[in-house]
Amino acid sequence: MTGMKKGAGEDPFADDQPVDSTEPSTDQTEATETPEETDTQQEPDTQSSRQQLQIPYKFRRDGVQDGRDRVPLFLQKETKVAERDALREFEDRFEENVSLTDLREALVKVGLQHLDEAEDCLEEWGYGMTFD
Amino acid sequence: MLTYSTYSEAGGVGKTTTAANLAVAHARAGLKPLVVPLDPQDGDLSRLFGVDEQRTDSVDNLVRHMIRRPNGGFTDLIRTVEGVDIVPEHNMLSDLAEFLQREKDQAEAMGEAFGMHAQLLRVLREAGVPEKYDVLICDPPATEGPHLYNAIHATRSLVIPVEPSAKGRAAVEGLEALVAGFEEQLNIDVGVLAAVPTGFKNTRDQRTILDEIDYPIPEIISERASLMEGCWMEQCSAFEYVRDHRSRRRDYELETLAQFDRLARHLEAEVGIEAPNPPEPGDVDHEVLTV
């Protein structure tokens, strides 16, 4: 068991933490305009619902778990290390923090488009072997 | 201030009795604890301390404060039992998620931000809890949701009762995944003050499971079904039960009380708090003089 640190967590009542700062507010969406958005701006009464759809997931949610089902993930050590390296790599590319949860789902999504390679991996682990 | 949530994903491992007895142990030593239980179901900490009689009435309660619609002051919510201040649970907790979501939608329509998981922290902060109390204990339900999230957000530290069984082990592993996700989601730092094995019968399997727990285990609480059931029956802590409801004192039960005392001292020491009047561990007749 690893992950959570031993001992006390941070002080929840520390002064430098405004209560609402931990959840992104909706005004962060300004950086996320998409081309379609300008096309539909003439219809003011439907704008808010449309806008909702066009804001990328990362900015729309309250936290990384929003809109996701929780799936426990068990990784072999070398996979975990490779995942950590990939996280660092993406953080360099985007020059911002990348959420591990986002990375994991992205890896799963891409993996789903590459079932042949996934098959190779499963075969390495012994799938398809028969012992007659 | 010492703040923690008692949490375990598995039910029936003694989460609520651990929270209740630790709260009394802190109070016995002269500290002022506030307990905020958040269980939407009956049979909860308020029930254990006998302060749940208004949970179905339309009285002011914590949920109203969390959605910024209080019907009175925060201090009016508080009941004091065995030196412990408690915010009793109320049936509105069953619909907490819905209430919070509605308030959030409303706030966002007005262009405000409303952190659904930070509301308990806000209420406690606005009520001056850190200035008035030495210890804050939250007792959230075992299920994932806004009750648990608000509790962890308001305390940031955990005390994990663990049943030393395969089920208990799975629960601790599940908790790892849950809290890691929560840390990331809300960008807070959560620590584990202690794992508290309960119902220990000292079998080899149990010892193996305990060896695998990577958190500090200051005390291992043995199986004390009769003592704990007695507490529920008489609606009091184990300390009061042994003092007032046992016709004779049993050494093994006194030892369990001593463990709660020592565990409380351990948790206090973890954040640098020194209790002003700590009892000899397990001394049921110890009294705290309050002004």
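Fair warning: this is a prediction, and the values are worked out from it, not measured in the lab.

A tally of helices and strands in chain A yields six helices and one strand. Going residue by residue from the N terminus, the α and β elements of chain A occur as β-α-α-α-α-α-α. In chain A, which comprises 132 residues, the share counted as buried stands at 20%. Across chain A, every contact between residues at least 6 apart in sequence was considered, and the portion connecting residues at least 24 apart equals 40%.

Judged by how many residues are buried, helix 7 (residues 146-155) of chain B sits mostly within the fold: ten of ten residues are covered. Phi turns positive, to about 65°, at B:Arg156, one or two residues after helix 7 of chain B.

Read across the sheet, eight strands follow the order 1(A)-7(B)-6(B)-1(B)-5(B)-2(B)-4(B)-3(B) without closing on themselves; strand pairing throughout is mixed. Of all strands in the sheet, those bounded by a partner on one side alone are strand 1 (5-6) of chain A together with strand 3 (79-81) of chain B. Summarising the sheet, strand 6 (residues 157-162) of chain B and strand 7 (residues 191-197) of chain B pair through six bridges and their orientation is parallel. Along strand 7 of chain B, the bridge assignment pairs B:Leu158 with B:Val192.

The next thing to look at is the layout of surface pockets. Residue and element names in this part refer to chain A. Each pocket or cavity is described by its volume, and for the second largest pocket that value is around 800 Å³. Lining the second largest pocket are 20 residues; nearest its centre among them are Leu75, Thr79, Leu107, Cys121 and Trp125. Only helix 4 (77-94), helix 5 (100-112) and helix 6 (115-124) provide two or more residues apiece to the lining of the second largest pocket. A class-by-class count of the residues in the lining of the second largest pocket yields twelve nonpolar, four polar and four charged.

For the rest of this paragraph, the subject is the packing of aromatic side chains. Residue and element names in this part refer to chain A. Scanning the model with the defined rule gives one aromatic pair over all chains in all. Here the aromatic rings of phenylalanine 90 and phenylalanine 94 are separated by 6.2 Å at their centres, their planes lie at 25°, and the arrangement is stacked. Highlighted residues: phenylalanine 90 and phenylalanine 94, both in helix 4, separated by four residues, approximately one helical turn. In this structure phenylalanine 94 comes out as exposed when scored by relative accessible area, which is 52%.

Bringing the UniProt feature "domain: AAA" (unreviewed entry) in chain B into the picture now. Mapped onto the present numbering, the UniProt feature "domain: AAA" (unreviewed entry) falls at residues 7-182 of chain B. Across residues 7-182 of chain B, helical content stands at 43% and strand content at 12%; the span's end C-alpha atoms are separated by 14 Å.

Residue and element names in this part refer to chain B. Within this structure, the stated rule accounts for 27 salt bridges over all chains. Across the salt bridge formed by arginine 68 and glutamate 112, the nearest N and O atoms sit 3.4 Å from each other. Placement of arginine 68 in the loop between helix 3 (62-66) and strand 3 and of glutamate 112 in the loop between helix 4 (96-109) and helix 5 (119-126) is noted, with a sequence separation of 44 residues between them. The class of glutamate 112 is partly exposed, set by a relative accessible area of 37%. A salt bridge links aspartate 285 to arginine 249, with the nearest nitrogen and oxygen atoms 3.0 Å apart. Note that aspartate 285 is positioned in the segment after helix 12 (251-270) and arginine 249 in the loop between helix 11 (238-245) and helix 12, a separation of 36 residues in sequence. Given a relative accessible area of 45%, aspartate 285 falls into the partly exposed group.

What follows deals with the pairing of strand 2 (residues 33-37) of chain B. All names here are of chain B. Buried residues dominate strand 2, accounting for five of its five residues. Sheet topology places strand 2 next to strand 5 (residues 135-139); five bridges connect them, and they run parallel. Its bridge partner lying in strand 5, valine 36 is registered against cysteine 138. In this sheet, strand 4 (residues 84-86) lies alongside strand 2 in parallel orientation, the contact comprising two bridges. If you follow valine 35 over to strand 4, its bridge partner there is isoleucine 86.

Turning our eyes to something else, we now look at the pairing of strand 6 of chain B. Residue and element names in this part refer to chain B. Taken across its six residues, strand 6 has six buried, putting it largely inside the fold. Bridging between strand 1 (residues 2-6) and strand 6 involves two bridges; their strand directions are parallel. Counted as the bridge partner of serine 5 is leucine 158 from strand 6. Read from strand 6 through helix 8 (residues 166-186) to strand 7, the crossover connection turns out right-handed.

So, on to the packing of helix 4 of chain A against helix 5 of chain A. Residue and element names in this part refer to chain A. Look at helix 4 against helix 5: their axes get within 11 Å of each other, and the N-to-C directions meet at 110°. Comparing their axes, helix 5 and helix 4 come out roughly perpendicular. The segment helix 4 lies against helix 5, with Lys80, Glu83, Arg84, Ala86, Leu87 and Phe90 engaging Leu100, Leu103 and Arg104. Of the residues that constitute the contact of helix 4 with helix 5, the class distribution is five nonpolar, no polar and four charged.

Thresholds applied
Residues numbered from 1 in each chain as written. Chains lettered and ligands numbered in written order. Predicted model: local features only at pLDDT ≥ 70, side-chain atom pairs only at ≥ 80, totals over all residues. Heavy atoms only, no water. Helix = DSSP H or I, 4+ residues; strand = E, 2+ residues; numbered from the N terminus. Buried < 20%, exposed > 50% of the residue type's maximum accessible area, 1.4 Å probe, protein only. Contact = heavy atoms within 4.5 Å. Pairing = 2+ DSSP bridges. 1 Å grid on protein atoms, 1.4 Å probe; cavity = no way out; pocket = protein on both sides within 12 Å on 5 of 7 lines; lining within 4 Å. Points joined across faces, edges and corners; volume = space filled by probe spheres on them. Nonpolar A, V, L, I, M, F, W, Y, C, P; charged D, E, K, R; others polar. Phe/Tyr/Trp six-rings, centres within 6.5 Å; stacked < 30°, edge-to-face > 60°. UniProt positions renumbered as here; feature names shortened; annotations may be inferred. Salt bridge = Lys/Arg side-chain N within 4 Å of Asp/Glu carboxyl O. Right-handed = clockwise from strand over helix to strand, strands pointing away. Axes fitted to C-alpha atoms, helices over the stretch in contact; angles between N-to-C directions. Parallel < 35°, antiparallel > 145°, perpendicular 65-115°, else oblique.

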